[in-house]
Amino acid sequence: MDRQQQYVLRTVDERDIGFVRLWFTDVLGSLKSVAVTESEVEGAFAEGIGFDGSAVDGFARVQESDMLARPDASTFQVLPWKEGSPGVARMFCDIYRPEGEPFAADPRQVLKRNLSKASQMGFTFYVHPEIEFFLFKGADDPTPLDRGGYFDLTPNEIQSDFRRQAITMLEKMGISVEYSHHEVAPSQHEIDLRYADALTMADNIMTYRHVIKQTAMRLGVHASFMPKPLTGEWGSAMHTHLSLFDGDSNAFYDPDDPYRLSETAKHFTAGLLRHAREITAVTCQWVNSYKRLVPGYEAPVFISWGRHNRSSLIRIPQYKPTKAASTRVEYRAPDPACNPYLAFSVLLAAGLKGIEEGYELPPEAEDNIYEMTEAERRAAGITSLPASLDQALSVMEESELVAEALGEHVFDYFLRNKWQEWEEYRSQVTPFELERYLPTL
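As the structure is a prediction and not an experimental result, all values here were calculated from the model.

1. Structural notes on the overall build of the protein
Here is step 1 of the chain: Counting secondary structure elements, the protein contains 14 helices and 18 strands.
Here is step 2 of the chain: Its C-alpha atoms give the protein principal-axis dimensions of about 65 × 55 × 50 Å.
Here is step 3 of the chain: Counting all 441 residues of the protein, 55% fall into the buried class.
Here is step 4 of the chain: The long-range fraction of contacts in the protein, counting pairs at least 24 apart against all pairs at least 6 apart in sequence, stands at 71%.
Here is step 5 of the chain: Looking at the protein as shown, the accessible area adds up to about 19700 Å², and 47% of this sits on carbon and sulfur atoms.
Here is step 6 of the chain: Distance between charge centres in the protein, computed from 44 positive and 66 negative side chains, equals 3 Å.

Below, the structure is given as structure tokens:
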């Protein structure tokens, strides 16, 4: 037993922790949990906790269903909203087969495999997400709680208490928050997490979504990470800042370059651009995701890059141009409902491919792309992201890069599940159709 596991057992005893929840995610990014009593934690470290993998979306067929969840002691945290005694804590798990090998369909293992490739190339992958979400009156009542806009200080007491309580909860769980504010749409909020290595951040995002929903529920409202819940308003994004470090040095920084971008950063960015269409089904994985990706709401529809240009898919932030550690690229397509383990995997795979193949970075897009004509965009070599889930899946199906990044099992299941979602969606008769066509056709 290593020191981290010994620390967990000691903390469980000293802080009267009665239950430890073991967390993992399915392929679609839903959080799963099994609770063990304090007396079973040591056994969970030694042997894992068995469960039926065939009952978890995307994991295994019935004939190969036995799985083991093995807790990662470094992720141990006490759940601050579970007050009183005995206390409750959580740990994230890696999933293994009974024979002892890592389970290929575990999203956390998928990300670990891609991070291992980056490590072999000498890099550590860091991410910093800007996570947006809405607060509504209820899960079946998408009525906003305010009419505020970007950075507005709203007098709504529930929302003021909400952000304060949510941030306090996150900080108590060791998740550093950089800042928070009201976003553009009514009752839309953003709480940004301080950058961390990709695996830690994926765990943090899963915790974040749970904390946000728990805090909202305690205040009698509903938090939603649905990408586009309100017609005519901005959707919720998860703009994701990416960087590679070589030891303590930011591999993206070059003080002698006009953009302060190293050749590594340029190749990485070029990889993201070239493979953007292929990875969109993973970064924007729901039918509703594509209601956000439309012109007019500062959504990243067009595949281009720029320093100050928020109409581009990739932006190079210029907040602190002389600070080496702050140099990064901002990929603006992901939404907060994606599976972060898989999204970070394909983003990293695309960037590393650009480095391996020496992709050339195309010219910067300096004009507002939304105001360009189709002919002007075509002349500039600017293409678009897929406009719907079925388009994104069609591109993903042909992608060797995504198949390799996700692994055969996850790649196949993800496509099957999402094609089914699309078929169910396109067979529905919507209120829009009834309102427009029923009276006249």
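2. Some thoughts on the packing of helix 3 (residues 107-120) against helix 5 (residues 198-218)
Here is step 1 of the chain: It is at 10 Å that the axes of helix 3 and helix 5 come closest, and there the two elements cross at 160 degrees. Judged on the interaxial angle alone, helix 5 and helix 3 are roughly antiparallel. Relative to helix 5, the crossing made by helix 3 is right-handed. Contacts from R108, L111, K112 and L115 in helix 3 reach A198, L199, A202 and D203 in helix 5.

3. Section: the packing of aromatic side chains
Here is step 1 of the chain: Evaluation of the coordinates by the stated rule reveals 13 aromatic pairs.
Here is step 2 of the chain: With a centroid separation of 6.5 Å and 45 degrees between ring planes, the pair formed by F125 and F268 is classed as tilted. Note that F125 is positioned in strand 7 (residues 124-138) and F268 in helix 6 (residues 263-274), a separation of 143 residues in sequence. Each member of the pair F125 and F268 is classed as buried.
Here is step 3 of the chain: Taken together, a centroid distance of 6.4 Å and an interplanar angle of 75 degrees make the contact between F133 and Y208 edge-to-face.

Rules used throughout
- Residues numbered from 1 in each chain as written.
- Predicted model: local features only at pLDDT ≥ 70, side-chain atom pairs only at ≥ 80, totals over all residues.
- Heavy atoms only, no water.
- Helix = DSSP H or I, 4+ residues; strand = E, 2+ residues; numbered from the N terminus.
- Buried < 20%, exposed > 50% of the residue type's maximum accessible area, 1.4 Å probe, protein only.
- Contact = heavy atoms within 4.5 Å.
- Areas by Shrake-Rupley, 256 points an atom, 1.4 Å probe, with all protein chains shown as cover.
- Lys, Arg positive; Asp, Glu negative; His and termini not counted.
- Charge placed at Lys NZ, Arg CZ, Asp CG, Glu CD.
- Axes fitted to C-alpha atoms, helices over the stretch in contact; angles between N-to-C directions.
- Parallel < 35°, antiparallel > 145°, perpendicular 65-115°, else oblique.
- Left-handed = near helix turned anticlockwise from the far one by under 90°.
- Phe/Tyr/Trp six-rings, centres within 6.5 Å; stacked < 30°, edge-to-face > 60°.

Purely spatial values, then, with no claim about function.
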